[in-house]
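Tertiary structure, described
For reference, the chains in residue letters:
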Amino acid sequence: MSSSEKQQEARASLVAVAQEPGAPKPDPILVAVGVQRQFGGLTAVDVSRFELQRGTITALIGPNGAGKTTFFNLLTGFDKPNEGEWTFDGRSLAGMPAYKVARTGMVRTFQLTKALSKMTVMQNMLLGAPNQKGENFFRGLIPGIWSGQEKANRERAEELLRHFKLDAKADDFAGSLSGGQRKLLEMARALMVQPELVMLDEPMAGVNPALKQSLLDHIRELREAGMTVLFVEHDMDMVRDVSDWVVVMAQGEIVAEGTPREVMQQQAVIDAYLGEHHSVSLDSGSGS
Ligand SMILES: Nc1ncnc2c1ncn2[C@@H]1O[C@H](COP(=O)(O)OP(=O)(O)O)[C@@H](O)[C@H]1O
Ligand SMILES: [Mg+2]
């Protein structure tokens with residue numbers, strides 16, 4: 001299937017979906033119900049229902065402090081909710097630690113990149129690899145098995161680094177990379193586990209315009225390769241450009257959902273951004 005067909009298919013799957021918070025999807029890869037997280041007296045996340053349609057690029061937007069990063073942390077096991085449950089591909093993930101969540105095929109990147117600066121780019125990639133040595137005691141006892149796995153991991157890392165144009169940097173410390181290159185490294189590392197769902201927390205923040213375009217292309221490639229993408233982004237032009245569906249959070253809740261074109265018109269979205277000073281523009285731009 002060509003990439004434009006994939007795109008059309010992703011959009012078509014959403015045509016009949018109600019443009020309202022928590023709307024059921026025809027083929028959800030992720031379903032979250034009643035997920036709440038309180039910090040002291042503050043309710044950071046209070047999502048009664050969220051369904052993510054498989055095979056789409058879905059943008060998660062909302063003003064600063066809306067709870068987007070906390071919601072990512074909860075879903076991926078980096079934080080624990082006060083209440084709630086969620087399933088990925090029909091499998092319950094609540095209570096599962098982050099490293100196990102990643103292995104089920106659901107990976108995320110961080111708003112503030114977590115590349116380990118005193119390790120090389122290649123070492124960072126291998127940290128994201130499945131079946132690290134010693135993970136399974138018995139297999140670890142048998143020499144040879146791991147060398148095969150390690151070779152496969154290294155080959156995959158090399159291939160991804162070439163793809164993200166980081167291969168020349170493989171032996172450099174990650175700390176020497178530019179902000180944009182770190183974002184690429186995070187994305188490349190996330191792909192080491194051959195995930196089904198990739199969650200990107202502000203992948204374009206602090207990245208120069210040329211690299212932003214290339215990141216957008218990489219996000220599209222993930223969909224073309226059959227993955228589902230959920231990403232947080234503030235730039236509405238980028239959101240319009242690349243997403244099939246938009247979910248809007250404000251004060252911990254999902255307040256709107258819809259196609260990029262429709263959602264920006266909704267009163268709940270306009271209200272959510274009123275009084276916000278960061279650079280979100282809700283003007284109807286040149287959307288595709
Ligand atoms: N570890 C924490 N301790 C206390 N408050 C937190 C913590 N993490 C996030 N918050 C608060 O939760 C709210 C949501 O934050 P966050 O999820 O980072 O929002 P967003 O990513 O949408 O900007 C904010 O008010 C933030 O200050
Ligand atoms: Mg955030």
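As a reminder, the structure under discussion sits directly above these lines.
Residues numbered from 1 in each chain as written. Chains lettered and ligands numbered in written order. Predicted model: local features only at pLDDT ≥ 70, side-chain atom pairs only at ≥ 80, totals over all residues. Heavy atoms only, no water.

What follows concerns the nonpolar core. Counting 47 residues, the largest nonpolar core has I61, M125, L161, F164, L185, I219 and F231 as its most contacted members. In this structure, this core is formed jointly by two domains, domain 1 (3-115 + 195-273) and domain 2 (118-176), each of which donates at least three residues. Excluding residues within four positions of it along the chain, M125 makes contact with A157, L160, L161, L185, A188, R189 and M192. Listed in part, the 31 residues of the second largest apolar core include L230, V232, W245 and I254. (Core = buried A, V, L, I, M, F, W, Y, C linked by side-chain atoms within 4.5 Å. Buried < 20%, exposed > 50% of the residue type's maximum accessible area, 1.4 Å probe, protein only. Domains from an automatic or database assignment. Contact = heavy atoms within 4.5 Å.)

As a further point, take the coordination of the magnesium ion (ligand 2). Protein ligation of the magnesium ion (ligand 2) involves T69 (OG1) and Q111 (OE1), the donor distances falling in the range 2.1 to 2.2 Å. Taken together, the positions of T69 in helix α2 (residues 68-75) and Q111 in the loop between β6 (106-108) and α4 (121-127) put the pair 42 residues apart, joining distant regions of the chain. Judged by its relative accessible area of 26%, T69 falls in the partly exposed class. (Donors = N, O, S within 2.8 Å, 3.2 Å for Na, K, Ca; no water. Helix = DSSP H or I, 4+ residues; strand = E, 2+ residues; numbered from the N terminus.)

In the vicinity of ligand 1, the contacting residues are F39, L42, A44, P63, N64, G65, A66, G67, K68, T69 and T70. The separation between an oxygen atom of ligand 1 and a polar main-chain atom of A66 is 3.2 Å. In isolation ligand 1 offers 560 Å² of accessible surface; the protein chains occlude 59% of this area. Elements represented by at least two residues in the shell around ligand 1 include exactly β2 (42-53) and α2. (Near = heavy atom within 4 Å. Polar contact = N/O pair within 3.5 Å; in protein donor to acceptor, adjacent residues only side chain to side chain. Areas by Shrake-Rupley, 256 points an atom, 1.4 Å probe, with all protein chains shown as cover.)

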